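Commentary on secondary and tertiary structure
So the chains spell out like this:
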Amino acid sequence: MTGHTLGAAGALEVGLCWLYLAYPEFNQLVCNQVAKDESLAEIGLITQPETAEINTCLSNSFAFGGNNVSVVLGHLNESL
């Protein structure tokens, strides 16, 4: 969906995580699987939009030379 980004892949992933958290209906737009390969039936590919409450999203990025980062995004819990 995004092509070859190399250095920007982590930034795009964090952006998508933010979209999932900010707009719960966004995850229904990503499901675009039209042709189903029957040999992959046991994997359980998502072919229809599903609704889910997403409170936390983890983004892992691994780069050349051991430059690795993990970012956890989530909603602010006002009760803390």
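Shown above is the structure to which this text applies.
So, here's what we can say about the structure. None of these values were measured; they are calculated from a predicted model.

Now for the overall build of the protein chain. A tally of helices and strands in the protein chain yields one helix and two strands. Mapped in sequence order, the helices and strands of the protein chain form the string α-β-β. Taking all 80 residues of the protein chain together, 10% fall into the buried category. Restricting to contacts in the protein chain with at least 6 residues of sequence separation, those with at least 24 account for 38%. Element-wise, carbon and sulfur atoms account for 58% of the exposed surface of the protein chain, whose accessible area totals about 6600 Å².

All right, on to the packing of aromatic side chains then. Enumeration according to the criterion identifies one aromatic pair in this entry. For the ring pair Trp18 and Tyr23, a centre distance of 5.9 Å and an interplane angle of 85° mean the geometry is edge-to-face.

Moving on: the side chain of Ser59. In this structure, Ser59 sits in strand S1 (residues 56-62). The class of Ser59 is buried, set by a relative accessible area of 2%. Within the structure, the side chain of Ser59 is placed 2.6 Å from the side chain of Glu13, a separation counted as a polar contact. In this view, Ser59 contacts Gly10, Glu13, Val14, Cys17, Val69, Ser70 and Val71; residues no more than four positions away in its chain are not counted.

Calculation criteria
- Residues numbered from 1 in each chain as written.
- Predicted model: local features only at pLDDT ≥ 70, side-chain atom pairs only at ≥ 80, totals over all residues.
- Heavy atoms only, no water.
- Helix = DSSP H or I, 4+ residues; strand = E, 2+ residues; numbered from the N terminus.
- Buried < 20%, exposed > 50% of the residue type's maximum accessible area, 1.4 Å probe, protein only.
- Contact = heavy atoms within 4.5 Å.
- Areas by Shrake-Rupley, 256 points an atom, 1.4 Å probe, with all protein chains shown as cover.
- Phe/Tyr/Trp six-rings, centres within 6.5 Å; stacked < 30°, edge-to-face > 60°.
- Polar contact = N/O pair within 3.5 Å; in protein donor to acceptor, adjacent residues only side chain to side chain.

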